[in-house]
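# Notes for the structure review
This is what each chain is made of:
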Amino acid sequence: DVKVTQSSRYLVKRTGEKVFLECVQDMDHENMFWYRQDPGLGLRLIYFSYDVKMKEKGDIPEGYSVSREKKERFSLILESASTNQTSMYLCASSRAGGAEQFFGPGTRLTVL
Amino acid sequence: QKEVEQNSGPLSVPEGAIASLNCTYSDRVSQSFFWYRQYSGKSPELIMSIYSNGDKEDGRFTAQLNKASQYVSLLIRDSQPSDSATYLCAVNLGGYSTLTFGKGTMLLVSP
């Protein structure tokens, strides 16, 4: 089975803090994705990566950056957290050429 | 604008009935279609994928695709209270590996 894990289930941070969310997959997938999910807005793509050290902006990249130094790990960085970044953050992965994505358990981030 | 549309619901059905969930999408180039189930507070779980016109059955679930009408549906037979969840439709609009998700339909199955 595909396994995608995320570093924290719940996280509380202060405004202005730098926040790291980590995602690891164990199925040797080439593609990895970061989404946020908010009530009424659905799932929105922040960034994705097709390969190590490669990244592409999604629909809402502002205020975020990413890092992919190893194939199995994809990190989402909030350089200076703001209250409007309070959300559920979901990581997903898929194989090269495939659109079928598998999700991690999510991190519920609260920025105070 | 490329979109995936779902009725937000809730769709309420009695236990044992057939639940029918619908999704329309805006891009004729799309080739891959997925249904995810999401329980409250949990992450989406892939339950069905369909790539060609027609029906695909997996247990109590049937996915139906009509590319000409740009329409994909999910039927759940013999609905159970444990099927109560939000169902997300996802489409690779434009044929890319990224997915565009609908906002989901909440299904409530009453005992």
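These lines cover the structure that appears in this document, whether it is placed above or below. (Residues numbered from 1 in each chain as written. Chains lettered and ligands numbered in written order. Predicted model: local features only at pLDDT ≥ 70, side-chain atom pairs only at ≥ 80, totals over all residues. Heavy atoms only, no water.)

Our focus in this paragraph is the packing of aromatic side chains. Counted according to the given criterion, the structure contains eleven aromatic pairs over all chains. Measuring from ring centre to ring centre gives 5.9 Å for A:Phe103 and B:Phe101, while their planes differ by 70 degrees; the resulting arrangement is edge-to-face. Of this pair, A:Phe103 sits in strand β10 (residues 102–103) while B:Phe101 sits in strand β10 (residues 100–101), which puts the two residues in different chains. Take A:Phe103: its relative accessible area is 11%, and that puts it in the buried class. What makes B:Phe101 buried here is its relative accessible area of 8%. With centroids separated by 4.9 Å and ring planes inclined at 50 degrees, the aromatic side chains of B:Tyr25 and B:Phe33 adopt a geometry described as tilted. Residue B:Tyr25 is classed as buried on the basis of its relative accessible area of 5%. Three or more aromatic residues link up through ring pairs in this structure, and these residues are A:Phe33, A:Tyr35, A:Phe48, A:Tyr50, A:Phe103, B:Tyr36 and B:Phe101. (Phe/Tyr/Trp six-rings, centres within 6.5 Å; stacked < 30°, edge-to-face > 60°. Helix = DSSP H or I, 4+ residues; strand = E, 2+ residues; numbered from the N terminus. Buried < 20%, exposed > 50% of the residue type's maximum accessible area, 1.4 Å probe, protein only.)

A word on the environment of B:Met48. Residues and elements named next belong to chain B. When you line up the elements, methionine 48 lands in strand β5 (residues 45–50). The buried category is assigned to methionine 48, whose relative accessible area is 3%. Along the chain, methionine 48 and threonine 62 lie 14 residues apart, while their C-alpha atoms are 8.2 Å from each other. The residues contacting methionine 48, other than those within four sequence positions of it, are Phe33, Phe34, Trp35, Lys56, Asp58, Phe61, Thr62, Ala63 and Leu74. (Contact = heavy atoms within 4.5 Å.)

Inspection of the entire model under this criterion finds two disulfides over all chains. Note on cysteine connectivity: A:Cys23 is disulfide-linked to A:Cys91, with sulfurs 1.9 Å apart. Taking the sign of the S-S torsion, about -75 degrees here, the bridge from A:Cys23 to A:Cys91 comes out left-handed. You can see A:Cys23 sitting in strand β3 (residues 19–25) and its partner A:Cys91 sitting in strand β9 (residues 87–94), a full 68 residues away along the chain. With its sulfur 2.1 Å from that of its partner, B:Cys23 forms a disulfide with B:Cys89. On the sign convention where negative means left-handed, the S-S torsion of about -75 degrees between B:Cys23 and B:Cys89 marks this disulfide as left-handed. Of the two residues, B:Cys23 sits in strand β3 (residues 19–25) while B:Cys89 sits in strand β9 (residues 85–91), which places them 66 residues apart along the sequence. Judged by its relative accessible area of 1%, B:Cys23 is buried. (Disulfide = S-S within 2.5 Å.)

All right, on to the interface of chain B and chain A then. At the interface, 17 residues of chain B touch 23 residues of chain A. Of all residues in chain B, B:Ser97, B:Thr98 and B:Phe101 bury the most surface against chain A, accounting for 32% of the area lost on that side. Scanning the region where chain B abuts chain A turns up zero salt bridges. Remark: the boundary between chain B and chain A carries five residue pairs in polar contact (both at pLDDT 80 or more). Of all the elements in the fold, those that place two or more residues in the side of chain B that touches chain A are β4 (33–38) and β5 of chain B. No other element matches β4(B), which puts three residues into the side of chain B that touches chain A. Among the residues making up the side of chain B that touches chain A, the classes are represented as eight nonpolar, eight polar and one charged. (Buried area = accessible area lost by both parts, 1.4 Å probe. Salt bridge = Lys/Arg side-chain N within 4 Å of Asp/Glu carboxyl O. Polar contact = N/O pair within 3.5 Å; in protein donor to acceptor, adjacent residues only side chain to side chain. Nonpolar A, V, L, I, M, F, W, Y, C, P; charged D, E, K, R; others polar.)

Let's shift gears to the sheet that holds strand β6 (residues 54–58) of chain B. Residues and elements named next belong to chain B. With antiparallel pairing, the five strands of this open sheet are ordered in space as β1-β3-β8-β7-β6. Of all the strands in the sheet, just β1 (4–5) and β6 have a single pairing partner and so form its edges. Both β3 and strand β8 (residues 71–76) contribute to a ladder of six bridges, which runs antiparallel. Across the sheet, residue serine 20 finds its bridge partner in β8, namely leucine 75. (Pairing = 2+ DSSP bridges.)

Keep in mind these values describe shape, not function.
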